[in-house]
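Here are the chains, one letter per residue:
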Amino acid sequence: MTVQWWQWPSVERQLVTFAKSFLGPHAFAVALTVDPRICRVGVCDFERREIAVNPTAIAGPPRQQYLITRGLLVHEVGHARYTTPRAEAAPVVHQVANCLEDERIERIMGGQFWSVRGALTAVCRASYAAVGPLGQPRGDLQDPDDPRWVVIAALHWRWAQRLDEPLKGDLSPRNRRLWRRVRPLVERAWVAPDTGRVYDLAEEIVRILGLVQAMPEPPLVLVAPGRGTRSDAAEPRPGGAAAWQGPGEPQAGEDDLPAGLVGTGDYAQWTMAPPGPLLRAAEPLAGELVARLRLPEVARTPDWSDRYGRLSVRAAIRSQDATPFVVAAEPEPDPTAVAVGVLLDRSGSMQGAAMEAARLATATLHLACAELGIWHAVTAFEGAMPMVRDDEVSEQTLARLAGLQATSGTRIGPSYEALLTQLGPRPEVLKVLVLIHDGEPEDGSKVRQLNADAADARIEVLGLGVALEAKNRAAMRELFAGRFIDCPTPAALAPLLAGVVNTFRQT
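We now turn to the structure provided with this report.

## Considering the overall build of the chain
Argument step 1. Helices and strands together make up the secondary structure of the chain, namely 16 helices and eleven strands.
Argument step 2. When each of the 507 residues of the chain is scored for burial, the buried share is 52%.
Argument step 3. Long-range pairs, those at least 24 residues apart, make up 76% of the contacts in the chain between residues at least 6 apart in sequence.
Argument step 4. Split by element, the accessible area of the chain, about 23,000 Å² in all, is 52% carbon and sulfur.

## As for unusual backbone geometry
Argument step 1. Cis geometry is found at the peptide bond from Phe381 to Glu382, where omega equals 0°.
Argument step 2. Assignment of secondary structure puts Glu382 in the loop between β7 (375-381) and β8 (385-386).
Argument step 3. At Asp164, a residue that is not glycine, the phi angle is positive and equals roughly 60°.
Argument step 4. Assignment of secondary structure puts Asp164 in the loop between α5 (148-163) and α6 (173-190).
Argument step 5. Backbone geometry places Arg458, a non-glycine residue, at a positive phi of 60°.
Argument step 6. Considering the arrangement of structural elements, one finds Arg458 in the loop between α14 (444-456) and β10 (459-466).

## Some remarks on the nonpolar core
Argument step 1. The biggest cluster of nonpolar side chains holds 54 residues, and the ones touching the most others in it are Leu289, Leu344, Met387, Ile436, Leu464 and Leu497.
Argument step 2. If one sorts the elements of this core by residue count, helix α11 (residues 353-372) sits on top with twelve residues.
Argument step 3. Excluding its chain neighbours within four sequence positions, the residues that come into contact with Leu464 are Val434, Leu435, Ile436, His437, Met476, Phe484, Ile485, Cys487 and Leu493.

## Some thoughts on the packing of aromatic side chains
Argument step 1. Evaluation of the coordinates by the stated rule reveals six aromatic pairs.
Argument step 2. An angle of 75° between the planes, with centres 5.2 Å apart, marks the rings of Phe18 and Phe22 as edge-to-face.
Argument step 3. The structure contains a cluster of three or more aromatic residues connected by ring pairs, namely Trp5, Trp6 and Tyr66.
Argument step 4. The positively charged end of Arg70 is found above the aromatic ring belonging to Phe18, 3.9 Å away from the centroid.

## Notes on the packing of helix α3 (residues 91-112) against helix α7 (residues 195-209)
Argument step 1. Two elements in contact, α3 and α7, have axes whose closest approach is 8 Å; the angle formed by their N-to-C orientations is 130°. Viewed along their axes, α3 and α7 adopt a mutual orientation that is oblique. Judged by the sense of rotation from one axis to the other, the crossing of α3 with α7 is right-handed. In this structure, α3 contributes Val92, Val93, His94, Val96, Ala97, Leu100, Glu101 and Arg104 to the contact, and α7 contributes Thr195, Val198, Tyr199, Ala202, Glu203, Ile205 and Val206.

## Comments concerning the pattern of salt bridges
Argument step 1. The full count for this structure, using the stated rule, is 21 salt bridges.
Argument step 2. The salt bridge partner of Arg162 is Glu103, with a shortest N-O separation of 2.9 Å. You can see Arg162 sitting in helix α5 and its partner Glu103 sitting in helix α3, a full 59 residues away along the chain.
Argument step 3. In this structure, Asp170 and Arg176 form a salt bridge, with 3.3 Å as the shortest nitrogen-oxygen distance.
Argument step 4. Ionic contacts of the salt-bridge type, sharing partners, join the residues Glu103, Glu106, Arg107, Arg158 and Arg162 into one network.

## What to know about the packing of helix α1 (residues 9-20) against helix α2 (residues 62-82)
Argument step 1. Their axes nearest at 9 Å, the elements α1 and α2 cross at an angle of 35°. Regarding α1 and α2, the two cross each other, and that crossing is right-handed. Across from Val11, Gln14, Leu15, Phe18 and Ala19 in α1, the residues of α2 making contact are Tyr66, Thr69, Arg70, Leu73, Val74 and Val77.
Argument step 2. The class makeup of the residues in the contact of α1 with α2 is eight nonpolar, two polar and one charged.

## Some remarks on helix α13 (residues 413-423)
Argument step 1. Every buried residue of α13 is listed here: Gly413, Ser415, Tyr416, Leu419, Leu420 and Leu423. Down the axis of α13, the smallest arc covering the buried residues is 165°, so these residues share one side.
Argument step 2. Those residues of α13 hidden inside the fold are in contact with β6 (338-345), β7, β9 (430-436), α14 and β10.

## Observations concerning the sheet that holds β8
In a beta sheet, neighbouring strands are held together by backbone hydrogen bonds and run either parallel or antiparallel to one another.
Argument step 1. Strands sit in the order β8-β7-β6-β9-β10-β11 across an open sheet of six strands; the sheet is mixed. Across the chains shown, the open sheet's two edge strands, defined by having one partner strand only, are β8 and β11 (484-487).
Argument step 2. Pairing of β6 with β7 involves seven bridges; the strand directions are parallel. What sits directly across from Val342, in β7, is Val378.
Argument step 3. The sheet contacts of α13 involve β6, β7, β9 and β10, and relative to β7 the element is tilted by about 170°.
Argument step 4. Across the sheet, helix α15 (residues 470-479) lies against β9, β10 and β11, angled at about 160° from β11, the strand it touches most.

## Quick notes on the side chain of Asn502
Argument step 1. Relative to the assigned elements, Asn502 resides in helix α16 (residues 493-506).
Argument step 2. Among the residues examined, Asn502 registers a relative accessible area of 5% and is labelled buried.
Argument step 3. Here the side chain of Asn502 touches Arg292 through a polar contact of 3.0 Å, landing on its backbone oxygen.

What counts and what doesn't
Residues numbered from 1 in each chain as written. Predicted model: local features only at pLDDT ≥ 70, side-chain atom pairs only at ≥ 80, totals over all residues. Heavy atoms only, no water. Helix = DSSP H or I, 4+ residues; strand = E, 2+ residues; numbered from the N terminus. Buried < 20%, exposed > 50% of the residue type's maximum accessible area, 1.4 Å probe, protein only. Contact = heavy atoms within 4.5 Å. Areas by Shrake-Rupley, 256 points an atom, 1.4 Å probe, with all protein chains shown as cover. Core = buried A, V, L, I, M, F, W, Y, C linked by side-chain atoms within 4.5 Å. Phe/Tyr/Trp six-rings, centres within 6.5 Å; stacked < 30°, edge-to-face > 60°. Lys NZ or Arg CZ within 6 Å of the ring centre and 35° of its normal. Axes fitted to C-alpha atoms, helices over the stretch in contact; angles between N-to-C directions. Parallel < 35°, antiparallel > 145°, perpendicular 65-115°, else oblique. Left-handed = near helix turned anticlockwise from the far one by under 90°. Salt bridge = Lys/Arg side-chain N within 4 Å of Asp/Glu carboxyl O. Nonpolar A, V, L, I, M, F, W, Y, C, P; charged D, E, K, R; others polar. Arc of directions from axis to C-beta. Pairing = 2+ DSSP bridges. Polar contact = N/O pair within 3.5 Å; in protein donor to acceptor, adjacent residues only side chain to side chain.

Written as structure tokens, this is what we have:
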């Protein structure tokens, strides 16, 4: 199992934020989905007020797919802003209108926002490369004189014009004559003031071609027909800023994936899984744990140059003796007061619900420590397998946790010793080692000895069982001599663990 580029929560958030930054006052939800039943390429659903884009719609390396996804999001945002569906239109009229409207709204978006032109051009290039030649038989389009070829030519024409390329393939003599009549209408739709005029032109094209059948090949980018129900009206086409036609404008803004999330690199030794579901489940639990932990507070005066940017001499002169750059010291939690080590059981006896609960508990601890700035380390046994490193972002840790399988043996000792070696020299006053386990180690006597060694080193050791059966609870109580937290569900972790850690601080 691996994590695809669009499955990293930071990438998804970045793309959703990017799309919403262009929506203006229009309230649409934005989502990525790879389910073709929901979204084959891109969709703007006016009834549900949702925009969805499929990041795998066009094949290519991750960085190219990322840029194309940005372009598809811009395209669908353009529909949300500038398209008004005509509810009573026949299906074939709607399809023709959508082909025409696609170019109109992209010209508007490119004219309004210079920074999106590179992404829109990337979609154009990928679309032009993906389509087959005109006149090449496909599906139920076997007759070269079928007038639906003319509609397909209109769709291809916008990409060819944008890229200054010729149309691929050729139309039959009959359809070439029809194309000469239809092409001026197509190009008029591209600069139409509103969607209503586009639908009028689409109806005229359908009449000229004598179309009654719907198109066999859906346009590459789709807009849901809806019923035109919306709480805000489509915006009128802007005036002077809407003249962009492409191609070739340089890309502006960040069009690359965040560094470190493409390829395996140093992470190849771990099995990873998409971290999004684990993150969404653990975040509220971590928030509760953060709220319940009572860390000692210290008064800190922020340094202006480090925290708030460069000193403004002009502002200092204006303020004269007001000393605006000194703020009152306020108490803040002191993360240097505690260090946390987590030892996670991934043995075969943890398969199923126990492993799911252990993953969630570990993720909760990790997110809470990361939020408070607490030094922490997570190690899985057997094999002293490190799960958290100081030089990485949280979602990579969560991807490893999500991919962790209960397949190892039950020897705790070596991994326990490795974690104690990390915790022992730490300067924090309070050091806590949390061992998430089901109470059935192969080397129980070694664990008891290490519990004693930890106590001598002034390291507090807690056995933590999540959703254990009765026999496992008894085993954990015996193994940890009363220093055991019986957590019936991951949701119960925050108050139980916070209460114990707060007690440690007071003793």
